[in-house]
Amino acid sequence: MFPEPSHDEIARYNFLANLNRHLATYLSPGNRVVYEARVRPAFRAVAGRDFRDRHEVRRAMLDDPFFQEWSALRRNAMEMRQQAGRSMVLRQIDALNARAQALNDNAGTLRLDPSLELPSYLAKVDHHCMPGSYHTELVPDDVSAAANYDSGLFVTTGGALGPMSDGGGRAVADFVRTTFPEFSPRRILDLGCGLGHNAVPLAQAFPDAVVVAVDTAAPMLRYGHARAKALGVENIVFVQANAERLDPAEFPDASFDWVQTTMFWHETSGTAMRRIFEEIHRLLAPGGLTLHVEQPQYDERMPLVEQMLRDWDAYYNNEPFWSAMHGIDVRGLMEDAGFRPDRMFDGYVRAKVDDEARNPASPTGATEDHGRAAAWYAFGAWKN
Ligand SMILES: C[S@@+](CC[C@H](N)C(=O)[O-])C[C@H]1O[C@@H](n2cnc3c(N)ncnc32)[C@H](O)[C@@H]1O
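Bear in mind that the values here come from a model prediction, so they are computed numbers and not experimental data.

**Some points on unusual backbone geometry**
The backbone of cysteine 129 shows a phi angle near 60°, a positive value even though the residue is not glycine. Among the secondary structure elements, cysteine 129 is positioned in the loop between α5 (120-123) and α6 (144-156). Backbone geometry at asparagine 384 places phi at a positive 70°, although glycine is not the residue there. By the element assignment, asparagine 384 lies in the segment after β8 (375-382).

Pasting the structure below:
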């Protein structure tokens, strides 16, 4: 399903992927240097105290020329990436849509609901500068938003998720298999599945299970279904639905052994999170597992300057819930939904890619912006 790039489009993507890696590896650490060397001392001199929270840090950093330059370059890299992906996809939109249609024809494993109403936190936002976000259809049966997302993820992550952009899902499958060897799920639910980058590895790792992959965006589901078929993965059902309210006729109580989300919560809302955790609790069978992979939550152990840098997406990358989401007490939310605190856990899941040469760590050994390993925060709970 992948769009066919021309020579120049490959060159443009490679340039942008490397620009992003350069910004993350060489320039981003400079923010901490200017913070310690001039922004923090200047604030202390005037205020007579240190920063109280990440918001104060951000307001002070806004006047710093180094931060301004890094931030502007990062924003520009994202805008250029969207433009590059979109122009590549739109010139072949008819071929991509036809290819998806041929793979999706008569499939009972793709269930779309054209009457689905999008929640406003999705309808009103062009997430990460993606024109029309995940859901917009330019022509009937469109997959172009997903084709743009699929190809452009390589640029945004600098290739760190591996050739299939599935390093997260493969890491999760590995984590669950090795950490909970007795656990053998038959029905797995992936909420906010997107085009299935991280649902496919679960289906591959648990071939006797059925994965039900839910998203609100029809272009992502059409493309994801066709992509899974093209990859020979038959045990995924793609369903268009709002994870806040899943129809009990199609999604009965206690009907799943595992409910997964990957990089999902930050694109919802506070109210939606509460509802979705309640749905997860309802849908899990006793003894079932829920597992969530996200960027790390902010807590008092994380320096304020790091919290502020991680907040960048909320202000400059059209991720309006990002900042609030990373400050939310997710354990409290899970407890309110019915999960027991003594059955909750958290930790880190490391990206899993076949070939380290395709996932070249930066020369300093850091593969993401903040000097930590390419690992995601994972939290979850067992039901009862
Ligand atoms: C950042 S993408 C992550 C996609 C996927 N989990 C992955 O790891 O590649 C977030 C996805 O969540 C979907 N989404 C957000 N809110 C949703 C909701 N309430 N119900 C279903 N899907 C939702 C969006 O449409 C989008 O495709």
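**Quick notes on the side chain of histidine 225**
Here histidine 225 lies in helix α9 (residues 218-230). Aside from chain neighbours lying at most four places away, what touches histidine 225 is Leu103, Asn104, Ala107, Thr109, Leu110 and Phe238.

**Concerning the site of the ligand**
Within the structure, the ligand sits among 19 residues, and Gly192, Asn198, Asp215, Ala243 and Thr262 are positioned closest to it. In the model, a nitrogen atom of the ligand is placed 3.0 Å from a nitrogen or oxygen of the tyrosine 121 side chain. Backbone polar atom of alanine 243 to a nitrogen atom of the ligand: 2.9 Å apart, as the coordinates give it. Out of a free accessible area of 600 Å², the ligand has 97% covered by protein chains. Class assignment for the residues of the shell around the ligand results in 9 nonpolar, 8 polar and 2 charged. Counting residues domain by domain, the shell around the ligand receives three or more from each of domain 1 (7-106 + 120-151) and domain 2 (160-310 + 318-382).

**Considering the sheet that holds strand β1 (residues 110-111)**
Read across the open sheet, the 8 strands follow the order β1-β4-β3-β2-β5-β6-β8-β7; overall the sheet is mixed. With partners counted over all chains shown, the strands left at the sheet margins are β1 and β7 (344-350), one partner each. Here β7 runs beside β8; their pairing, made up of 7 bridges, is antiparallel. Residue pairing for β8: valine 349 is matched across the bridge by tryptophan 376. Along the sheet face, helix α10 (residues 270-283) touches β2 (187-191), β5 (256-262), β6 (284-294) and β8 and points at about 145° away from the line of β6.

**A look at the nonpolar core**
Counting residues in hydrophobic clusters, the biggest one holds 50 residues, and the most contacted among them are Val176, Ile236, Phe238, Trp258 and Leu289. Counting residues per element, this core draws most heavily on α9, at 5 residues. Mapping this core onto the domain boundaries places at least three of its residues in each of domain 1 (7-106 + 120-151) and domain 2 (160-310 + 318-382). Apart from the residues within four sequence positions on either side, leucine 289 is in contact with Val176, Phe180, Phe183, Asp257, Trp258, Val259, Leu284, Phe345, Ala381 and Trp382. Core analysis: the second largest hydrophobic core is formed by 34 residues, Leu246, Met273, Phe277 and Phe339 among them.

**Structural notes on the domain arrangement of the chain**
Assigned domains within the chain: domain 1 (7-106 + 120-151) and domain 2 (160-310 + 318-382). Each of domain 1 and domain 2 has a C-alpha centre, and the two are 21 Å apart. Between domain 1 and domain 2, a total of about 3,500 Å² is buried, with carbon and sulfur atoms accounting for 60% of that surface. When the buried surface of domain 1 facing domain 2 is broken down by residue, Arg32, Arg54 and Tyr121 rank first, second and third, together holding 22% of it. Joining domain 1 to domain 2, the criterion identifies 4 salt bridges. Counting across the interface, domain 1 meets domain 2 through 14 residue pairs in polar contact (both at pLDDT 80 or more). Elements that contribute at least two residues to the side of domain 1 that touches domain 2 include exactly α1 (7-47), α2 (54-61), α3 (65-90), α4 (93-104), α5 and α6. No other element matches the 8 residues that α1 contributes to the side of domain 1 that touches domain 2. Per-class residue counts for the side of domain 1 that touches domain 2 are 20 nonpolar, 9 polar and 13 charged.

**Some points on the packing of aromatic side chains**
Across all of its chains, the model carries 18 aromatic pairs by this definition. Ring geometry for phenylalanine 67 and tryptophan 70: centres 5.8 Å apart, planes at 50°, overall tilted. Remark: tryptophan 70 and phenylalanine 67 occur in helix α3; sequence separation between them is 3 residues, near one turn of the helix. Like tryptophan 70, phenylalanine 67 is buried. Pairwise contacts between aromatic rings join Phe175, Phe180, Phe183, Phe206, Trp258, Phe345 and Trp382 into one cluster. Just above the ring of tyrosine 315 sits the side chain of arginine 58; from NZ or CZ to the centre is 3.5 Å. The side chain of arginine 177 reaches across the aromatic face of phenylalanine 206, ending 5.4 Å from its centre.

**Thoughts on the pairing of β2**
Burial of β2 is extensive: 4 of the 5 residues sit out of reach of the surface. Two elements, β2 and strand β3 (residues 210-215), share 5 bridges in a ladder whose sense is parallel. Looking across to β3, one finds that leucine 189 is bridged to valine 212. Here 4 bridges tie β2 to β5, and the two strands are oriented parallel to one another.

**Comments concerning the pattern of salt bridges**
Counted under the stated rule, the structure contains 22 salt bridges. The residue arginine 111 makes a salt bridge to glutamate 250 at a minimum N-O spacing of 3.2 Å. In this pair, arginine 111 sits in strand β1 while glutamate 250 sits in the loop between β4 (236-240) and β5, placing the two residues 139 residues apart along the sequence. On the basis of relative accessibility, which here comes to 40%, the residue arginine 111 falls in the partly exposed class. With a shortest N-O distance of 3.9 Å, arginine 222 and aspartate 141 are connected by a salt bridge. Of the two residues, arginine 222 is situated in helix α9 and aspartate 141 in the loop between α5 and α6; the sequence distance between them amounts to 81 residues.

Reading guide: rules and limits
- Residues numbered from 1 in each chain as written.
- Predicted model: local features only at pLDDT ≥ 70, side-chain atom pairs only at ≥ 80, totals over all residues.
- Heavy atoms only, no water.
- Helix = DSSP H or I, 4+ residues; strand = E, 2+ residues; numbered from the N terminus.
- Contact = heavy atoms within 4.5 Å.
- Near = heavy atom within 4 Å.
- Polar contact = N/O pair within 3.5 Å; in protein donor to acceptor, adjacent residues only side chain to side chain.
- Areas by Shrake-Rupley, 256 points an atom, 1.4 Å probe, with all protein chains shown as cover.
- Nonpolar A, V, L, I, M, F, W, Y, C, P; charged D, E, K, R; others polar.
- Domains from an automatic or database assignment.
- Pairing = 2+ DSSP bridges.
- Axes fitted to C-alpha atoms, helices over the stretch in contact; angles between N-to-C directions.
- Core = buried A, V, L, I, M, F, W, Y, C linked by side-chain atoms within 4.5 Å.
- Buried < 20%, exposed > 50% of the residue type's maximum accessible area, 1.4 Å probe, protein only.
- Buried area = accessible area lost by both parts, 1.4 Å probe.
- Salt bridge = Lys/Arg side-chain N within 4 Å of Asp/Glu carboxyl O.
- Phe/Tyr/Trp six-rings, centres within 6.5 Å; stacked < 30°, edge-to-face > 60°.
- Lys NZ or Arg CZ within 6 Å of the ring centre and 35° of its normal.

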